[in-house]
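# Architecture at a glance
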Amino acid sequence: PFQFRTPRFRLVNMQTFDGRNVDLYIPRKCSWTNRLITAKEHGAVQINIGEVDAATGKYTGKFKTFALSSAVRTKGEADMAINTLIARADLV
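Residues numbered from 1 in each chain as written. Predicted model: local features only at pLDDT ≥ 70, side-chain atom pairs only at ≥ 80, totals over all residues. Heavy atoms only, no water.

### Side note on the overall build of the chain
Helix and strand content of the chain: 2 helices and 6 strands. The secondary structure elements of the chain, listed N-terminal to C-terminal, are β-β-β-β-β-β-α-α. Sorting the 92 residues of the chain into buried and exposed places 16% on the buried side. Summed over all atoms, the accessible surface of the chain reaches about 7300 Å², with 52% contributed by carbon and sulfur. (Helix = DSSP H or I, 4+ residues; strand = E, 2+ residues; numbered from the N terminus. Buried < 20%, exposed > 50% of the residue type's maximum accessible area, 1.4 Å probe, protein only. Areas by Shrake-Rupley, 256 points an atom, 1.4 Å probe, with all protein chains shown as cover.)

Here it is, written out as structure tokens:
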């Protein structure tokens, strides 16, 4: 858990009202390259792909989340990456 010192140098934990420890920031990872997506990377995207029932063709209310770093998008590989990730997740 994240701890920081106040001006009087006592330790303070980040906690919810329930008493659970929480972190201020949890970085994401690119689904294609497994690179960390930092807070300063403004070209990264996160996409939710919905699951569809094969028999009826209707949206089931569930989805899979994929994150792509700006490096993948800059190279022009985002289209191929999303298609491959969807195929691996059995959404196609």
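### A closer look at helix α2 (residues 78-88)
Taken as a whole, α2 has its buried residues at A81, I82, L85 and I86. Along the axis of α2, the buried residues cluster in a sector spanning 125°; they form a single face. Away from the buried face of α2 by more than 90 degrees, exposed residues D79 and R88 are located. Of the surrounding elements, those touching the buried residues of α2 are β5 (45-52), β6 (59-68) and α1 (70-75). (Arc of directions from axis to C-beta. Contact = heavy atoms within 4.5 Å.)

### Notes on the confidence of the model for the chain
Residues with a pLDDT of 70 or more make up 86% of the chain, whose mean pLDDT is 85. The least confident element of the chain is strand β1 (residues 3-5), whose mean pLDDT is 53; the most confident is α2, at 95. (pLDDT = per-residue confidence, 0-100.)

### With respect to the pairing of β6
Pairing of β5 with β6, which is carried by 7 bridges, proceeds in the antiparallel orientation. When the sheet's bridge partners are listed, I47 is paired in β6 with F66. Following β5, the chain reverses through 6 residues before pairing antiparallel with β6; G57 in that reversal takes a positive phi of roughly 80°. (Pairing = 2+ DSSP bridges.)

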